[in-house]
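# Fold and geometry: a report
If you want the building blocks of each chain, they are given just below.
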Amino acid sequence: MISYTQIDLSWTDNSGDETGFKVERKTGASGTYGQVATLGAGVTSYSDGGLSSRTHYYYRVRSYNANCNSAYSNEADAITFFSETKLTAYDGSAGDQFGCSVSVSGDSGTVIVG
């Protein structure tokens, strides 16, 4: 699932002797990976919350145990949704609205007055 501020990840556990999994994230293609979670053995999903809307995130996962870390998984990416913005038109007088409707169309933020 992807929302305005959360991305849910899932993967297959191909390891039989892991202590757990490390989840890493970077922002944008040229970002730097940083660890965002350490999960227990057998855990195969993670919900990454508190993210910025309309932002491209990249993830990778690896298992670990007392002896070593595995190779990284393939890279997965997702873009959080554009947050909804509600507009109300005013002509400057306190509480006085125009006699027309205003809406935002699509991700471009185009304002339509009608």
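Everything in this summary refers to the structure shown in the same document. (Residues numbered from 1 in each chain as written. Predicted model: local features only at pLDDT ≥ 70, side-chain atom pairs only at ≥ 80, totals over all residues. Heavy atoms only, no water.)

Below, the discussion takes up the overall build of the protein. Across its full length, the protein holds zero helices and eight strands. Secondary structure elements in the protein, listed N-terminal to C-terminal, are β-β-β-β-β-β-β-β. The proportion of buried residues among the 114 residues of the protein is 25%. Nonlocal contacts in the protein, meaning residues at least 24 apart in sequence, comprise 53% of its contacts between residues at least 6 apart. (Helix = DSSP H or I, 4+ residues; strand = E, 2+ residues; numbered from the N terminus. Buried < 20%, exposed > 50% of the residue type's maximum accessible area, 1.4 Å probe, protein only. Contact = heavy atoms within 4.5 Å.)

Tracing the chain through its elements places Lys26 in strand β2 (residues 20-27). Among the polar contacts made by the side chain of Lys26, one reaches the main-chain carbonyl oxygen of Ala29 at a distance of 3.0 Å. (Polar contact = N/O pair within 3.5 Å; in protein donor to acceptor, adjacent residues only side chain to side chain.)

Sheet topology note: the β2/strand β3 (residues 34-40) ladder contains six bridges and is antiparallel. By the bridge assignment, Arg25 is partnered in β3 with Gly34. Adjacent in sequence and paired antiparallel, β2 and β3 are bridged by six residues, among which Gly28 carries a positive phi angle near 75 degrees. (Pairing = 2+ DSSP bridges.)

To continue, consider the packing of aromatic side chains. For the coordinates displayed, the defined rule picks out two aromatic pairs. Its end group placed over the ring of Tyr64, Lys22 keeps NZ or CZ at 4.9 Å from the ring centre. (Phe/Tyr/Trp six-rings, centres within 6.5 Å; stacked < 30°, edge-to-face > 60°. Lys NZ or Arg CZ within 6 Å of the ring centre and 35° of its normal.)

This paragraph deals with the sheet that holds strand β5 (residues 56-64). One open sheet holds the four strands; their spatial order is β3-β2-β5-β6, and the pairing between them is antiparallel. Every interior strand has two partners, whereas the edge strands, β3 and β6 (76-79), have only one. Each adjacent strand pair in this sheet contributes to an overall mean axis angle of 25 degrees, direction not counted. In this sheet, β6 lies alongside β5 in antiparallel orientation, the contact comprising four bridges. Note that in β6 the partner of Tyr58 across the bridge is Asp77. (Axes fitted to C-alpha atoms, helices over the stretch in contact; angles between N-to-C directions.)

Let us look at the nonpolar core. Ile7, Leu9, Trp11, Val23, Leu39, Tyr46 and Tyr59 are the most contacted members of the largest nonpolar core, which totals 13 residues. At the level of secondary structure, the elements contributing two or more residues to this core comprise β1 (7-10), β2, β3 and β5. Residue contributions to this core peak at three residues, all from β5. (Core = buried A, V, L, I, M, F, W, Y, C linked by side-chain atoms within 4.5 Å.)

Keep in mind that these numbers describe shape and distance, not what the molecule does.
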